[in-house]
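# Secondary and tertiary structure notes
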Amino acid sequence: MTSDASAATHAHGYGLATVSTDGTTLDTWFPSPSLGRLPADRDPALVPAEITDAAGPDARRAVDLVPVTVEIELSAPPASTSDAYLRLHLLSHLLVAPNTINLDGVFGHLPIVTWTNAGPVHPTDFARMRPALQRAGIATTGIDKFPRLLDYVSPDRVRIADASRVRLGAYLAPGTTVMHEGFVNFNAGTLGTSMVEGRISQGVVVGDGSDIGGGASIMGTLSGGGAQRVTIGERALLGANSGIGISIGDDTVVEAGLYVTAGTKVVVVGGTGTSDGSPQTVKAVELSGRPGLLFRRNSLTGAVEVLPRKGHGITLNSQLHA
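As the structure is a computational prediction, the values presented were derived from the model and not from experiment.

Summarising the element assignment, Asp22 is placed in the loop between strand 1 (10-20) and strand 2 (25-29). Sequence separation of Asp22 and Leu168 is 146 residues, and the distance between their C-alpha atoms is 25 Å. For Asp22, the side chain forms a polar contact with the side chain of Thr24, separated by 2.9 Å. Polar contacts involving the side chain of Asp22 include one to the side chain of His122, which spans 3.3 Å.

Have a look at this one:
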């Protein structure tokens with residue numbers, strides 16, 4: 001995120017809201033959101049043509065597509081559905097980084113929507129119109145509060161193998177690859193070139209050059225205590241089917257199949273324990289964010305151990321992230 005973005009206090013956008021027959025705003029698409037306030041001398045009638053050309057009723061879905069102009073204060077909580085969607089767009093357009101804007105209460109402003117290959121539909125209307133929708137070739141892709149990222153934003157130089165696995169509001173830096181079983185939630189993502197074959201939960205950020213292995217899981221802030229903000233350093237590796245509830249630093253590796261939570265008892269070995277060199281047992285949270293570590297399970301004793309690692313961590317396949 002640039003220094004201008006870090007200093008921004010407001011954002012605005014011209015959007016296209018989908019409004020159902022009962023007046024519910026189902027979503028809002030912002031093709032080009034911007035940081036800063038709306039220009040004071042702007043002409044309210046000058047809405048981008050890509051919005052006005054798409055406006056109007058869609059009888060198939062029982063919705064009306066309505067142009068909207070929205071300005072928000074980034075430090076204030078969301079105040080409406082369109083406000084919430086603008087914040088999600090700011091994240092996915094890489095205009096603000098995860099955990100830097102106020103998203104308090106965002107779920108309350110996002111209605112449950114039946115998502116279809118023709119756009120959002122109110123769940124009640126979808127149930128009522130199901131036969132007509134099917135005849136029109138309109139099928140549901142899910143029922144949820146959050147839509148798919150790719151229905152609203154096309155990230156620059158990013159590969160996403162399965163659109164349903166990445167939510168709007170994900171922050172994906174150029175060079176990121178999200179494979180079929182990878183998942184990226186809103187207000188989370190990658191800060192540089194990364195391989196994602198596991199789960200990046202809400203609030204989690206992954207550093208440049210890191211690899212989230214197949215089936216790996218990173219605890220977010222939507223479940224459990226929600227107090228620990230987890231970050232992944234640069235050139236780090238979460239092995240296949242591993243998991244963490246603590247931050248891991250640069251050049252750190254978590255062995256495949258090992259799950260390390262904040263309260264996991266870890267034996268510190270390899271000269272990093274007590275002053276006399278004997279092993280020391282600590283809670284994993286005491287090691288949170290430290291660089292150059294290897295977390296593993298001792299195959300003889302079953303104990304979780306941590307050892308120091310030297311040099312750089314993993315190197316991603318440059319051909320996969322060109």
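Okay, the sheet that holds strand 8 (residues 140-144) next. Spatially, the three strands line up as an open sheet ordered 7-6-8, and their pairing is antiparallel. Bordering the open sheet on either side are strand 7 (119-121) and strand 8, each of which pairs with just one other strand. On average, adjacent strands in this sheet sit at an angle of 30° to one another, irrespective of strand direction. Here strand 6 (residues 113-116) pairs with strand 7 via three bridges, running antiparallel. When the sheet's bridge partners are listed, Trp115 is paired in strand 7 with Pro120.

So, about the packing of aromatic side chains. Following the criterion strictly, the structure yields four aromatic pairs and no others. Their ring planes at 70° and their centres at 5.5 Å tell us that Phe107 and Phe146 sit as a pair that is edge-to-face. Of this pair, Phe107 sits in the loop between helix 3 (81-92) and strand 6 while Phe146 is found in the loop between strand 8 and strand 9 (159-160), placing the two residues 39 residues apart along the sequence. The exposure class of Phe107 is partly exposed, given its relative accessible area of 33%.

Turning next to the domain arrangement of the protein chain. In terms of domains, the protein chain is made up of domain 1 (10-144) and domain 2 (149-308). Distance from the C-alpha centre of domain 1 to the C-alpha centre of domain 2: 32 Å. Contacts between the two partners involve 19 residues from domain 1 and, on the opposite side, 19 residues from domain 2. For the domain 1 and domain 2 pair, buried surface summed over both sides reaches about 1500 Å², with 64% attributable to carbon and sulfur atoms.

Let's shift gears to the nonpolar core. One recurring pattern in soluble globular proteins is that nonpolar side chains are buried together. With 60 residues, the main nonpolar core has Leu172, Ile218 and Phe295 as its most contacted residues. Elements that contribute at least two residues to this core include exactly strand 5 (63-73), helix 3, strand 6, strand 10 (170-172), strand 24 (265-268), strand 26 (293-297) and strand 27 (304-308). For this core, the leading source of residues is helix 3, giving six residues. Here this core gathers at least three residues from each of two domains, domain 1 (10-144) and domain 2 (149-308). Beyond its immediate chain neighbours, meaning those up to four positions away, Leu172 contacts Leu94, Leu149, Val158, Ile160, Val166, Val178, Val184 and Thr190. Core analysis: the next-biggest nonpolar cluster, separate from the first, contains six residues, Val121, Met129, Leu133 and Ile138 among them.

With that settled, the discussion passes to unusual backbone geometry. Positive phi outside glycine occurs at Arg157, with the angle close to 55°. With respect to the helices and strands, Arg157 occurs in the loop between strand 8 and strand 9.

Okay, the pattern of salt bridges next. All told, the structure shown has eleven salt bridges when counted by the stated rule. A salt bridge links Asp83 to Arg87, with the shortest nitrogen-to-oxygen separation between them at 2.5 Å. Note that Asp83 and Arg87 are positioned in helix 3 at a spacing of four residues, about one turn of the helix. Asp83 gets classed as buried once you look at its relative accessible area, which sits at 7%. Classification of Arg87 by relative accessible area gives buried; the value is 1%. Among the ionic pairs, Arg157 bridges to Asp156, the shortest N-O distance being 2.8 Å. Using a relative accessible area of 46% as the deciding quantity, one classes Asp156 as partly exposed.

Definitions and limits used
- Residues numbered from 1 in each chain as written.
- Predicted model: local features only at pLDDT ≥ 70, side-chain atom pairs only at ≥ 80, totals over all residues.
- Heavy atoms only, no water.
- Helix = DSSP H or I, 4+ residues; strand = E, 2+ residues; numbered from the N terminus.
- Polar contact = N/O pair within 3.5 Å; in protein donor to acceptor, adjacent residues only side chain to side chain.
- Pairing = 2+ DSSP bridges.
- Axes fitted to C-alpha atoms, helices over the stretch in contact; angles between N-to-C directions.
- Phe/Tyr/Trp six-rings, centres within 6.5 Å; stacked < 30°, edge-to-face > 60°.
- Buried < 20%, exposed > 50% of the residue type's maximum accessible area, 1.4 Å probe, protein only.
- Domains from an automatic or database assignment.
- Contact = heavy atoms within 4.5 Å.
- Buried area = accessible area lost by both parts, 1.4 Å probe.
- Core = buried A, V, L, I, M, F, W, Y, C linked by side-chain atoms within 4.5 Å.
- Salt bridge = Lys/Arg side-chain N within 4 Å of Asp/Glu carboxyl O.

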